[in-house]
Amino acid sequence: MKKIGVMIYPYFCMQEISCLTDGLKVYFDIDVDVFAASQDIIKSEDNFQIIANKTFDEFNDEYGCLILPGLYDPLPALFDERNISFLRSLKGKELLIAGISSSPMLLAKAGLLENVRFTSGMWDEIAKFLDFVPYENMVHQPIVKDRNIITAMGFAYREFACEVIKTLGIDDCKEGLFNGITKEYTEEELTFEMGEENFKEFMEEYLSYIR
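Overview of the structure. The shown structure was predicted, so the numbers you read here are calculated from the model rather than taken from an experiment.

Criteria and thresholds
- One numbering rule holds for all chains: residues counted from 1, following each sequence as written.
- With pLDDT at 70 or above as the cut-off, local features in this predicted model cover only qualifying residues; side-chain atom pairs require 80 or more to be listed or tallied, and sums for whole chains, interfaces and linings still use all residues.
- By convention in this description, side-chain values take in all heavy atoms of the structure and omit both hydrogens and water.
- Axis definition: a line fitted to C-alpha atoms, over the contacting stretch in the case of helices. Angles run 0 to 180 degrees between N-to-C directions.
- What counts as a helix is a DSSP run of H or I of at least four residues, what counts as a strand is a run of E of at least two, and both are numbered from the N terminus.
- For classification, angles of less than 35 degrees are called roughly parallel, those exceeding 145 degrees roughly antiparallel, those between 65 and 115 degrees roughly perpendicular, and all remaining angles oblique.
- Rotating anticlockwise by less than a right angle from the far helix to the near helix defines a left-handed crossing, while the corresponding clockwise rotation defines a right-handed one.
- Residue contacts are defined here by distance: any two heavy atoms, one from each residue, within 4.5 Å place the two residues in contact.
- Each residue is assigned to one class: nonpolar for Ala, Val, Leu, Ile, Met, Phe, Trp, Tyr, Cys and Pro, charged for Asp, Glu, Lys and Arg, and polar for all the others, Gly among them.
- Think of it in three bands: residues with accessible area under 20% of the maximum for their type are buried, residues over 50% are exposed, and the middle band is partly exposed, with areas taken using a 1.4 Å probe on protein chains only.
- Strands pair, by our definition, only if DSSP identifies at least two bridges between them.
- The path from the first strand over the helix to the second decides the hand: if it runs clockwise while the strands point away from the viewer, the crossover is right-handed.
- Aromatic rings from Phe, Tyr and Trp, taking only the six-membered ring of Trp, are treated as a pair when their centres fall within 6.5 Å; an angle between ring planes under 30 degrees marks them as stacked, one over 60 as edge-to-face, and anything in between as tilted.

**Digging into the packing of helix α1 (residues 15–28) against helix α6 (residues 157–167)**
In the contact formed by α1 and α6, the axes pass within 8 Å of each other and the chain directions differ by 45 degrees. Compared by their axis directions, α1 and α6 come out oblique. The crossing of α1 and α6 is right-handed. Packed against α1, whose contacting residues are Q15, E16, I17, C19, L20, L24 and F28, the element α6 presents Y157, R158, F160, A161, V164 and I165 at the interface. Split by residue class, the contact of α1 with α6 holds ten nonpolar, one polar and two charged.

**Thoughts on the pairing of strand β1 (residues 3–7)**
On any regular strand, side chains alternate: one points to one face of the sheet, the next to the other face. Of all five residues in β1, four are buried, a share of seventy percent or more. The sheet contact formed by β1 and strand β6 (residues 63–68) spans four bridges and is parallel. Looking at the pairing, K3 lines up with Y63 of β6. Judged from the four bridges that link them, β1 and strand β2 (residues 32–36) form a sheet pairing that is parallel. The residue of β2 that forms the bridge with V6 is V34. For the handedness criterion, the β-α-β arrangement of β1, α1 and β2 is classed as right-handed.

**Some points on the packing of aromatic side chains**
Enumeration according to the criterion identifies eight aromatic pairs in this entry. For the ring pair F59 and F86, a centre distance of 5.4 Å and an interplane angle of 85 degrees mean the geometry is edge-to-face. With F59 in the loop between β5 (54–55) and β6 and F86 in helix α3 (residues 81–88), this pair connects stretches of sequence that are 27 residues apart. According to the relative accessible area criterion, F59 is buried, its value standing at 13%. Take F86: its relative accessible area is 6%, and that puts it in the buried class. An angle of 25 degrees between the planes, with centres 6.3 Å apart, marks the rings of F199 and F202 as stacked. Placement of both F199 and F202 in helix α7 (residues 196–210) is noted, with a separation of three residues, approximately one turn of the helix. Cluster of aromatic residues (ring-pair linked, three or more members): F35, F56, F59, Y63 and F86.

Following this line, the structure appears as structure tokens:
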């Protein structure tokens, strides 16, 4: 399958996409590349300092999906033309774009939500005030998929993760990967054994640290 990218910007929310990105790696062994306007340090909304491993000019047709996290304060990213120009360049491409929480504000400014039904965690007053937001297309539901664009409210991060994974054809998510605790478990069900071969590999690596 094609590669997957994540776009970051000041005050982005890792929590809203980590269920998806960690699930891609842990369950399906799929890495993501992190893109930003530059490789300067970017602070997340919870004050982690992140450096993207790629810049926008490295994004190409090898990527089949771009994930946009929400952001606590959208204005620095919204008024950085590098972000908007990059998103605008994706218009018309065969690419799954998945934005959660307030990130559809960036998609709207780039013109990617024209004639597209979407949802967002934007305050309603802001969505109505910004003339580039097609408010008539906004659907007040937790998650909306329209053509190649998936949008979700921030609290629907599990559903967002599942919808992206299903749309990419990676998994149908019917096993409840992101459903949280749904029953009482027995001790046997929560005893996890890695198997003889995997344990042997672990021990070899472990011993290499203490020799």
